[in-house]
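Architecture at a glance
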Amino acid sequence: EVQLVESGGGLVQAGESLRLSCAASGFRFDDYEIGWFRQAPGKEREAVSGVSESDSKYYADSVRGRFTISRNNAKSTVYLEMNRLKPEDTAVYFCAAGRSSWYASMIMGPPNFDMEYWGKGTLVTVST
C-alpha cells in the first residue's frame, strides 16, 4: 500500500520556523520526484517546492530564500524546513510523489500537478 504521511505542522507566530516531514512507503521512493504543495482556505492548491530523483530542487517565488527542501532516500523521507514564516504561509501542506519533471508538473497545474500519490496533509497556521 502506498502511503505518504506528513507531520510537523502546527501553530507558530510570524517569523518563527517549522520543519515538515513526509514519510513515504509502498513505492520505489528513489525513482520519484517529491513535491510540497499547500492549500489555504478558499484558495486553489499551489506548488511550494520540489526535489527531483537527482536532488535538483525547486521553489515557488513566494518561499524561495525562506524554505529549504531536502530528501533522505535511506529513510524514504522528504523534509521542508520553513523559516521566517508569514501569515500568508498558513495552509494545509501536502506532499506528493510523481515521475514527471517539476516543470511538467507546473504545466499540468492544480489540482493534481500530474503527481501520482498524495498525502493527507498537515496544517500550518502562522499568527501575526
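Described below are features of the structure shown in this document. Keep in mind that what you see is a predicted model, and the values were worked out from it rather than measured.

A short note on the packing of aromatic side chains
By the definition in use, this model includes 10 aromatic pairs. Arranged with centres 6.5 Å apart and planes meeting at 45°, the rings of Phe-27 and Phe-29 form a pair that is tilted. Since its relative accessible area comes to 16%, Phe-27 is described here as buried. Given a relative accessible area of 3%, Phe-29 falls into the buried group. Ring geometry for Phe-94 against Trp-118: centres 6.3 Å apart, planes inclined by 75°, an arrangement best described as edge-to-face. A residue pair is termed long-range when its members are at least 10 positions apart, and Phe-94 in strand β9 (residues 91-98) and Trp-118 in strand β10 (residues 117-118) qualify at 24 residues. By relative accessible area, Trp-118 is classed as partly exposed at 23%.

Details of unusual backbone geometry
In the segment running from Pro-110 into Pro-111, the intervening peptide bond is cis, with an omega of 5°. With respect to the secondary-structure elements, Pro-111 resides in the loop between α1 (102-108) and β10. Located in the positive-phi region is Ser-76, a residue other than glycine, with phi close to 50°. Looking at the secondary structure, you find Ser-76 in the loop between β7 (67-72) and β8 (77-82). Here the phi dihedral of Phe-113 falls at roughly 50°; this positive angle occurs in a residue that is not glycine.

Quick notes on the rules
- All chains use their own residue numbering, which begins from 1 and follows the written sequence.
- Predicted model: local features are reported for residues with pLDDT of at least 70 only, side-chain atom pairs are reported and counted for 80 or more only, and whole-chain, interface and lining totals are derived from all residues.
- Note: side-chain values were computed over all heavy atoms of the structure, leaving out hydrogens and water.
- Here a Phe, Tyr or Trp ring, Trp counted by its six-membered ring, pairs with any other such ring whose centre lies within 6.5 Å, and the pair is stacked when the planes are under 30 degrees apart, edge-to-face when over 60, and tilted otherwise.
- Throughout, exposure labels follow a simple rule: accessible area from a 1.4 Å probe, protein chains only, divided by the maximum for the residue type, with under 20% read as buried, over 50% as exposed, and the rest as partly exposed.
- Numbering goes from the N terminus for both helices and strands, where a helix is a DSSP run of H or I of at least four residues and a strand is a run of E of at least two.

These figures come from the coordinates and say nothing about function on their own.
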